[in-house]
Amino acid sequence: MLICLAYHKVEVQLGADAHSVTAQTFRQHLSMIARSAVPVMHPRALATRQSNDALVLTFDDATADHAEVVAPILNEVGFHGLFYVPT
């Protein structure tokens, strides 16, 4: 099964946006994912996916927190994400 986790904003401190999580909560999510042993798929592998058991981390709307908060955390834990940038 392909699991897609979609995030809107990952903020240092939770604001008024109901679709946001804190950086601490995001780190907890990634820690649970790492412990689950379900592989986090690189977005480029979606087209040629051969395994049915994988997870994709997605981020929508290209908000500043994606570069300032999310990217450093993903780099730290060695996961990749798929970022949707509206044009």
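Preceding this section is the structure that the text describes.
This write-up is about the structure you can find in this document. Predicted model, so just to flag it, every value in this text is computed and none were measured. (Residues numbered from 1 in each chain as written. Predicted model: local features only at pLDDT ≥ 70, side-chain atom pairs only at ≥ 80, totals over all residues. Heavy atoms only, no water.)

Right, let's get into the overall build of the chain. Helices and strands together make up the secondary structure of the chain, namely two helices and five strands. Sequence-ordered secondary structure for the chain, helices as α and strands as β, is β-β-β-α-β-α-β. Rg of the C-alpha trace for the chain: 13 Å, near the compact-globule value of 12 Å for 87 residues, within the 12% margin. By its C-alpha atoms, the chain is 40 × 35 × 20 Å across when sized along the principal axes. Taking all 87 residues of the chain together, 33% fall into the buried category. Of the contacts made within the chain by residues no fewer than 6 positions apart, 56% connect residues no fewer than 24 positions apart. On the chain, roughly 5,600 Å² of surface is accessible, and the fraction owed to carbon and sulfur atoms is 55%. (Helix = DSSP H or I, 4+ residues; strand = E, 2+ residues; numbered from the N terminus. Rg over C-alpha atoms; globule rule 2.2 N^0.38 Å. Buried < 20%, exposed > 50% of the residue type's maximum accessible area, 1.4 Å probe, protein only. Contact = heavy atoms within 4.5 Å. Areas by Shrake-Rupley, 256 points an atom, 1.4 Å probe, with all protein chains shown as cover.)

Turning to the pattern of salt bridges, a few remarks are in order. Summed over all chains, the structure comprises one salt bridge. Glu-76 is the partner of Arg-27 in a salt bridge, and the nearest nitrogen-oxygen pair spans 2.8 Å. A residue pair is termed long-range when its members are at least 10 positions apart, and Arg-27 in helix α1 (residues 23-36) and Glu-76 in helix α2 (residues 64-77) qualify at 49 residues. (Salt bridge = Lys/Arg side-chain N within 4 Å of Asp/Glu carboxyl O.)

The values reported here are purely geometric and, on their own, carry no functional implication.
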